[in-house]
Each structure stands twice: as structure tokens, then as C-alpha cells.
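Below are the chains, spelled out letter by letter.
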Amino acid sequence: MDDLGPVDWPPEPIRTERLVLREPGPRDRAAFLELLASPQVHTYLGGPRPRDEIERELAGAPERWPGNFVVDLDGSLIGQVLLRRATGHRRPAAVGKADLGYLFLPRAWGFGYATEACTAALGWLATALPGEPVVLTTQTANVASVRLAAKLGFTEVERFEAWGAEQWLGMWSPTPPSR
Ligand SMILES: CC(C)(COP(=O)(O)OP(=O)(O)OC[C@H]1O[C@@H](n2cnc3c(N)ncnc32)[C@H](O)[C@@H]1OP(=O)(O)O)[C@@H](O)C(=O)NCCC(=O)NCCS
């Protein structure tokens, strides 16, 4: 995965009904550690990683790069939404496209926060890079994630085997402005 490319970054914090999408900062480190070390969060993302390894990676402040949004509820990180460029994707249909990823703390699951935050991030992308389609890859077994993708308007392109599991590749296209 690479950066999205030339976009105006960072944007002003994006406010939704309940959330704020913003750049990461030093105050997010503890919540990032929780997110990256959570076995539950990584069930369909290759399994948990050792906490000391993650702590070493996050030695300084969390990284800032275009498309890396912290999802903030009442001043604290509850999740992360990532928009990157899928330069090395295994499937030709996805290579080089903008790619959406999302991780939320388990205590924030089931409230519609992921839907709200991803909708806002896709809205930002549609303005930052007009007309760009977005791809999303998730394990078919990750029911909550496939469901979220469908709610966001992703439609299935194909299923394929990788990383020891069946993967779902979906694509989203921005709605052209009505005339
Ligand atoms: C994938 C993931 C983000 C989904 O989170 P989620 O909380 O289930 O997602 P949603 O925002 O869609 O919320 C789901 C539920 O909140 C409920 N909800 C409660 N209040 C709501 C509200 N105000 N608005 C909308 N939904 C609401 C709904 O019942 C909804 O369930 P439904 O889809 O059955 O209708 C989460 O499971 C996760 O972080 N998983 C680990 C990381 C991962 O696997 N990422 C995928 C890799 S790409």
C-alpha cells in the first residue's frame, strides 16, 4: 500500500453527527496500542501481534499521512479509517485504486460508528479526488465487515483465496453530481 498521492492534507477535522475524523496526534498513542494489540480486532487480519512489537513500532507519536484518519468520539480515539493506494494488490481489478480500511475498538462496535465514519471518509475522498473509485478487501468470514461494506455501497467484484482464507473484493464509485 502507498499513499493516496497528491491530496490537500490534512483537511479541517470532519464532523459527523456523533464523530470527528482528524489526523492522529501524540494523545492517541495509548488507544492506538489498544487497537493494534487487540486480538478481537485482528481476528480476520492475520491474528494478534505481540504487544512489545507494536509498542516498539509506536515508539513515537502515531504516524501522519494523507488518508490516515483517527475516528474520535468525545475526544478519544475509537477507531481508524485508512484510505491508501493499493499499488501492490493481488487482484488486477484493484491495483492502483484507492483502498478503504477500517479498525474500531470492540467497545465501539454495534453503534453504527463505523458506517458513520467511513461514509464521511468516502465523502472527503470524493471531493479530494473527484471521480475516484475505491476498493475494499475483507475476508468473507468477517461478516460485520462485509455487511459494513454493503451498507457503504460497495458491490462485489470477486472473491479470491489469499492469506489462507477467502477474500471479498468490493468496489465503490462516487455518485456523479446531479445536473
Ligand atoms: C468491521 C467493523 C468496523 C464493523 O463495526 P460495526 O460496529 O459492526 O459497524 P457498523 O458501524 O456498521 O455498526 C453495526 C451495527 O450498529 C448498530 N447501530 C446502533 N446504532 C446505530 C446507529 N445510530 N446508526 C447505525 N447503526 C447503528 C446497527 O444495528 C448496526 O448493525 P446492522 O449492520 O446489523 O444494522 C468492526 O467489526 C471492526 O473494527 N472489526 C475489526 C477490524 C476489521 O476486521 N476490519 C476489516 C478490515 S478491512
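Scroll up for the structure.
Residues numbered from 1 in each chain as written. Predicted model: local features only at pLDDT ≥ 70, side-chain atom pairs only at ≥ 80, totals over all residues. Heavy atoms only, no water.

**So, the nonpolar core**
Turning to step 1, where the next piece is worked out: In terms of nonpolar packing, the biggest core is built from 34 residues, with Val81, Leu83, Leu100, Phe104, Val134 and Phe154 touching the most fellow members.
Turning to step 2, where the next piece is worked out: Those elements giving two or more residues to this core turn out to be strand E3 (68–73), strand E4 (76–85), strand E5 (98–104), helix H3 (113–128), strand E6 (134–139), helix H4 (143–152) and strand E8 (165–172).
Turning to step 3, where the next piece is worked out: If one sorts the elements of this core by residue count, H3 sits on top with nine residues.
Turning to step 4, where the next piece is worked out: Counting 13 residues, the second largest nonpolar core, distinct from the first, contains Phe32, Ile54, Leu77 and Leu103. (Core = buried A, V, L, I, M, F, W, Y, C linked by side-chain atoms within 4.5 Å. Buried < 20%, exposed > 50% of the residue type's maximum accessible area, 1.4 Å probe, protein only. Helix = DSSP H or I, 4+ residues; strand = E, 2+ residues; numbered from the N terminus.)

**A closer look at the site of the ligand**
Turning to step 1, where the next piece is worked out: Surveying the vicinity of the ligand reveals 20 residues, the closest of which are Gly110, Thr115, Asn142, Arg147 and Lys151.
Turning to step 2, where the next piece is worked out: Within the side chain of Trp109, an N or O atom sits 3.2 Å from an oxygen atom of the ligand.
Turning to step 3, where the next piece is worked out: The contact in question runs from an oxygen atom of the ligand to an N or O atom on the backbone of Ala114, over 3.0 Å.
Turning to step 4, where the next piece is worked out: Here the ligand has 970 Å² of accessible area as a free molecule, and 72% of this is covered by the chains. (Near = heavy atom within 4 Å. Polar contact = N/O pair within 3.5 Å; in protein donor to acceptor, adjacent residues only side chain to side chain. Areas by Shrake-Rupley, 256 points an atom, 1.4 Å probe, with all protein chains shown as cover.)

**Some remarks on the side chain of Asp99**
Turning to step 1, where the next piece is worked out: Inspection of the secondary structure assignment puts Asp99 in strand E5.
Turning to step 2, where the next piece is worked out: No salt bridge forms around the buried Asp99; measuring N to O, its nearest opposite-charge neighbour Arg84 is 4.7 Å away.
Turning to step 3, where the next piece is worked out: The contact partners of Asp99, leaving out residues within four places of it in the chain, are Met1, Leu82, Leu83, Arg84, Ala86, His89, Val134 and Val135. (Lys, Arg positive; Asp, Glu negative; His and termini not counted. Salt bridge = Lys/Arg side-chain N within 4 Å of Asp/Glu carboxyl O. Contact = heavy atoms within 4.5 Å.)

**Things to note about the packing of aromatic side chains**
Turning to step 1, where the next piece is worked out: This structure, assessed with the given rule, holds four aromatic pairs.
Turning to step 2, where the next piece is worked out: Their ring planes at 65 degrees and their centres at 5.0 Å tell us that Trp9 and Phe69 sit as a pair that is edge-to-face. Taken together, the residues Trp9 in the segment before strand E1 (14–15) and Phe69 in strand E3 connect sequence positions 60 residues apart.
Turning to step 3, where the next piece is worked out: Of the residues examined, Phe69 reaches a relative accessible area of 1% and is grouped as buried. (Phe/Tyr/Trp six-rings, centres within 6.5 Å; stacked < 30°, edge-to-face > 60°.)

**Regarding the sheet that holds E5**
Turning to step 1, where the next piece is worked out: Strand order across the open sheet formed by eight strands is E1-E2-E3-E4-E5-E6-E8-E7, with mixed pairing between neighbours. Edge strands, defined here as strands with exactly one partner in the open sheet, are E1 and strand E7 (155–162).
Turning to step 2, where the next piece is worked out: Summarising the sheet, E7 and E8 pair through seven bridges and their orientation is antiparallel. Residue pairing for E8: Glu156 is matched across the bridge by Gly170. (Pairing = 2+ DSSP bridges.)

**What to know about H3**
Turning to step 1, where the next piece is worked out: Between its terminal C-alpha atoms H3 stretches 22 Å, which fits the 22 Å expected from 16 residues at 1.5 Å a residue.
Turning to step 2, where the next piece is worked out: If you check which residues of H3 are buried, you get Tyr113, Ala114, Glu116, Ala117, Cys118, Ala120, Ala121, Leu122, Trp124 and Leu125. (Expected span 1.5 Å × (residues − 1).)

**What about unusual backbone geometry?**
Turning to step 1, where the next piece is worked out: Residues Trp9 and Pro10 are joined by a peptide bond in cis, for which omega reads -5 degrees.
Turning to step 2, where the next piece is worked out: As for its placement among the helices and strands, Pro10 is situated in the segment before E1.
Turning to step 3, where the next piece is worked out: The backbone of Asp74 sits at a positive phi, close to 50 degrees, despite the residue not being glycine.
Turning to step 4, where the next piece is worked out: Along the chain, the position of Asp74 falls in the loop between E3 and E4.
Turning to step 5, where the next piece is worked out: Judged by its relative accessible area of 73%, Asp74 is exposed.

**With respect to the packing of H3 against H4**
Turning to step 1, where the next piece is worked out: It is the contact of H3 with H4, at a shortest axis distance of 10 Å, that shows an interaxial angle of 45 degrees. On the basis of the axis angle, H3 is oblique to H4. The crossing of H3 and H4 is right-handed. Note on element contacts: H4 touches H3 through Leu148, Lys151 and Leu152, opposite Ala114, Thr115, Cys118, Thr119 and Leu122.
Turning to step 2, where the next piece is worked out: Grouping the constituent residues of the contact of H3 with H4 by class yields five nonpolar, two polar and one charged. (Axes fitted to C-alpha atoms, helices over the stretch in contact; angles between N-to-C directions. Parallel < 35°, antiparallel > 145°, perpendicular 65-115°, else oblique. Left-handed = near helix turned anticlockwise from the far one by under 90°. Nonpolar A, V, L, I, M, F, W, Y, C, P; charged D, E, K, R; others polar.)

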